[in-house]
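Letter by letter, the chains look like this.
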Amino acid sequence: MAKINKVGDIILGCRDPQASIKFYTDNLGMELVQFNQELQMAFFSFGEQHHDIAVIKVADDPPVGSAGLSHTALQIEGGETELRELYQRLKDHGVKVDFTADHFLSKSVYFFDPDGNRLEIFCEAMEMAAAKNYLQTTHDLSKLMAPLNLEPTTA
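About the thresholds
Residues numbered from 1 in each chain as written. Predicted model: local features only at pLDDT ≥ 70, side-chain atom pairs only at ≥ 80, totals over all residues. Heavy atoms only, no water. Helix = DSSP H or I, 4+ residues; strand = E, 2+ residues; numbered from the N terminus. Rg over C-alpha atoms; globule rule 2.2 N^0.38 Å. Buried < 20%, exposed > 50% of the residue type's maximum accessible area, 1.4 Å probe, protein only. Areas by Shrake-Rupley, 256 points an atom, 1.4 Å probe, with all protein chains shown as cover. Pairing = 2+ DSSP bridges. Contact = heavy atoms within 4.5 Å. Axes fitted to C-alpha atoms, helices over the stretch in contact; angles between N-to-C directions. Patch = residues over 30% accessible without salt bridge, like charges linked within 9 Å, V, L, I, M, F, W, Y side chains within 5 Å. Salt bridge = Lys/Arg side-chain N within 4 Å of Asp/Glu carboxyl O. 1 Å grid on protein atoms, 1.4 Å probe; cavity = no way out; pocket = protein on both sides within 12 Å on 5 of 7 lines; lining within 4 Å. Points joined across faces, edges and corners; volume = space filled by probe spheres on them. Nonpolar A, V, L, I, M, F, W, Y, C, P; charged D, E, K, R; others polar.

A. Region of the structure containing the overall build of the protein chain. Scanning the protein chain for helices and strands turns up 3 helices and 9 strands. Listed by position from the N terminus, the elements making up the protein chain come as β-α-β-β-β-β-α-β-β-β-α-β. Computed over the C-alpha atoms, the radius of gyration of the protein chain is 16 Å, within 12% of the 15 Å expected from 2.2 N^0.38 for a compact globule of 155 residues. Over its C-alpha atoms, taken along the principal directions, the protein chain stretches across nearly 50 × 35 × 25 Å. Across the 155 residues in the protein chain, those meeting the buried criterion constitute 44%. Total accessible area on the protein chain stands at roughly 8,200 Å², and carbon and sulfur atoms take up 54% of it.

B. Main features of the sheet that holds strand β3 (residues 41-45). Reading across the sheet, the 9 strands line up as β2-β3-β4-β1-β5-β8-β7-β6-β9 and stay open at both edges, with mixed pairing between neighbours. Sheet topology places β2 (31-36) and β9 (146-147) at the edges, where each strand pairs with a single neighbour. Both strand β1 (residues 4-14) and strand β4 (residues 53-57) contribute to a ladder of 5 bridges, which runs parallel. Bridge assignment links Cys-14 to a residue of β4, and that residue is Lys-57. Relative to the sheet, helix α2 (residues 80-92) contacts β5 (71-76), β6 (97-102), β7 (106-112) and β8 (118-124), its axis offset from that of β7 by approximately 10°. Sitting on the sheet, helix α3 (residues 128-137) touches β2, β3 and β8, and the angle it makes with β2 is about 45°.

C. Layout of a nonpolar patch on the surface. Nonpolar side chains collect at one region of the surface, where Val-7, Ile-10 and Leu-12 lie side by side and expose about 220 Å² of accessible area between them. With respect to the helices, strands and loops of the structure, Ile-10 is situated in strand β1. On the accessibility criterion, Ile-10 (34% relative accessible area) is partly exposed.

D. Structural detail: the side chain of Asp-52. Relative to the helices and strands, Asp-52 resides in the loop between β3 and β4. In this view, Asp-52 contacts Asp-9, Ile-10, Met-30, Phe-44, Ser-45, Phe-46 and Gly-47; residues no more than four positions away in its chain are not counted.

E. Spatial organisation of empty space enclosed by the protein. By the definition in use, this model includes 1 cavity of 30 Å³ or more. What the largest cavity holds in volume is close to 250 Å³. The wall of the largest cavity is formed by 20 residues, among which Phe-43, His-51, His-103, Tyr-110 and Leu-144 lie closest to the centre. For the lining of the largest cavity, the secondary-structure elements that each account for two or more residues are β1, β3, β7 and β8. In terms of residue class, the lining of the largest cavity is made up of 12 nonpolar, 6 polar and 2 charged.

F. Spotlight on the pattern of salt bridges. This model, assessed by the stated rule, comprises 8 salt bridges. A salt bridge links Asp-26 to Lys-22; the nearest nitrogen and oxygen atoms lie 2.7 Å apart. You can see Asp-26 and its partner Lys-22 sitting in helix α1 (residues 17-27), 4 residues apart, about one turn around the helix. Under the relative-accessibility criterion, Lys-22 is labelled exposed at 51%. Arg-89 is paired through a salt bridge with Glu-85; the nearest N and O atoms lie 3.9 Å apart. Of this pair, Arg-89 and Glu-85 both sit in helix α2, 4 residues apart, which is roughly one turn of that helix. Residue classification places Arg-89 among the partly exposed positions, given a relative accessible area of 28%.

Structure (C-alpha cells):
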C-alpha cells in the first residue's frame, strides 16, 4: 500500500523575494539554488536536497499563507505508480485536487485540506545530485512544471 514517508519541502509565500533570499542565505546559511525571475520564486537548499524551502512572491491582498504556490510537500514511498494510487485515493474520498504536475525532478499532486491549506504529495524522479543540478541550470518554466496525467487509462 502506498504511503507518505516524510515532509519533502516547504513552499512559502513572500512579499519581497529579494529580502527572503537575503534572510534564508544570510540568517539560515542556505544555498540559493535558483531564482526564477518569471515566477519570482527562489529555491533554497541546506545542501543535500535539490531544495528544502522555496519562496514565491504573492500579491499584496491575500494573507501570505494562502496564496500562490504556498504549500507543504510530503514525499511518498515509491514512484509514479504509488503516486497514482494516492491520487486515486484522494479523489475517492472527495478531496479537492488543485492540480498535478511533472516537475521533471519530481512528480506531484497538489490538493487542499478541509481548511484550504494546500498540500503536495510527490515522488522523486531523479537522483538527488542530478535533481539539484537540474534545478540550478534549468530556467525555462516549461522544463520545471508540466501537466501530469494520473487518470486511469482505459483499454
